[in-house]
Amino acid sequence: AQSVTQLGSHVSVSEGALVLLRCNYSSSVPPYLFWYVQYPNQGLQLLLKYTSAATLVKGINGFEAEFKKSETSFHLTKPSAHMSDAAEYFCAVTLYSSASKIIFGSGTRLSIRP
Amino acid sequence: DARVTQTPRHKVTEMGQEVTMRCQPILGHNTVFWYRQTMMQGLELLAYFRNRAPLDDSGMPKDRFSAEMPDATLATLKIQPSEPRDSAVYFCASGQLSVTDTQYFGPGTRLTVL
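> Just checking my understanding: could you explain the overall build of chain A for this structure?
Of the regular secondary structure elements, chain A holds 0 helices and 11 strands. In chain A, the succession of helices and strands from N to C terminus is β-β-β-β-β-β-β-β-β-β-β. By the compact-globule yardstick of 13 Å for 114 residues, chain A fits well, its C-alpha radius of gyration being 14 Å. Going through the 114 residues of chain A one by one, you find that 46% of them count as buried. A fraction of 57% describes how many contacts in chain A between residues 6 or more apart in sequence connect residues 24 or more apart. Accessible surface, chain A: about 5400 Å² in total, of which carbon and sulfur atoms supply 53%. Within chain A, one finds 9 positive and 6 negative side-chain charges whose respective centroids are separated by 6 Å.

> Please explain the side chain of Q103 of chain B as it appears in this structure.
Residues and elements named next belong to chain B. Mapping Q103 onto the fold places it in the loop between β9 (88–95) and β10 (104–105). On the accessibility criterion, Q103 (4% relative accessible area) is buried. A distance of 2.8 Å separates the side chain of Q103 from the side chain of Y35, its partner in a polar contact.

Conventions adopted
- Residues numbered from 1 in each chain as written.
- Chains lettered and ligands numbered in written order.
- Predicted model: local features only at pLDDT ≥ 70, side-chain atom pairs only at ≥ 80, totals over all residues.
- Heavy atoms only, no water.
- Helix = DSSP H or I, 4+ residues; strand = E, 2+ residues; numbered from the N terminus.
- Rg over C-alpha atoms; globule rule 2.2 N^0.38 Å.
- Buried < 20%, exposed > 50% of the residue type's maximum accessible area, 1.4 Å probe, protein only.
- Contact = heavy atoms within 4.5 Å.
- Areas by Shrake-Rupley, 256 points an atom, 1.4 Å probe, with all protein chains shown as cover.
- Lys, Arg positive; Asp, Glu negative; His and termini not counted.
- Charge placed at Lys NZ, Arg CZ, Asp CG, Glu CD.
- Polar contact = N/O pair within 3.5 Å; in protein donor to acceptor, adjacent residues only side chain to side chain.

If you want it as structure tokens, here you go:
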């Protein structure tokens, strides 16, 4: 069965600094991977997804993630943090199957220091 | 701008009462998901439907929870009887056929059971 592990339940960076949110997956076959963001009092929205095309995936709001099979990782990065990036970020995994379901990680809360 | 809608947005009820939460998926989406989010457990998949048929409800407590899709524009999640441990935010999400497709989340129903 597939799963994801998000390292660090809370990450704090200064405005303008690099954002790095870590996600490692476990899957017996090549997975499909997602990053979702949740702003306070809202539902989740998709940031980006990897579906076996390019390993470097660019998403909305300047975020990107790189699929590294050798490290079983899909870390999320942004070169320069903005105050509006403060939110909770979820990594998720699924397999391509009509009966498959998506499994979410436990989430990482990103705080931005002025 | 198509969105998933959920009603009510907030619900406070007493233990033992029936609670019904409603979701209107995005028109044309044939897959509907119900999630529960709590501080302790994070985001849990309760059930999901494809073409109105339940595909997986293994995450749902069967004795008190039920999920249905009476038609393509309405999904319901019922709890009867409700208990304080059911207090959480319940999200509905909709998407297309493939699990690699984006899930679009509603704003959630915040349920408090006293």
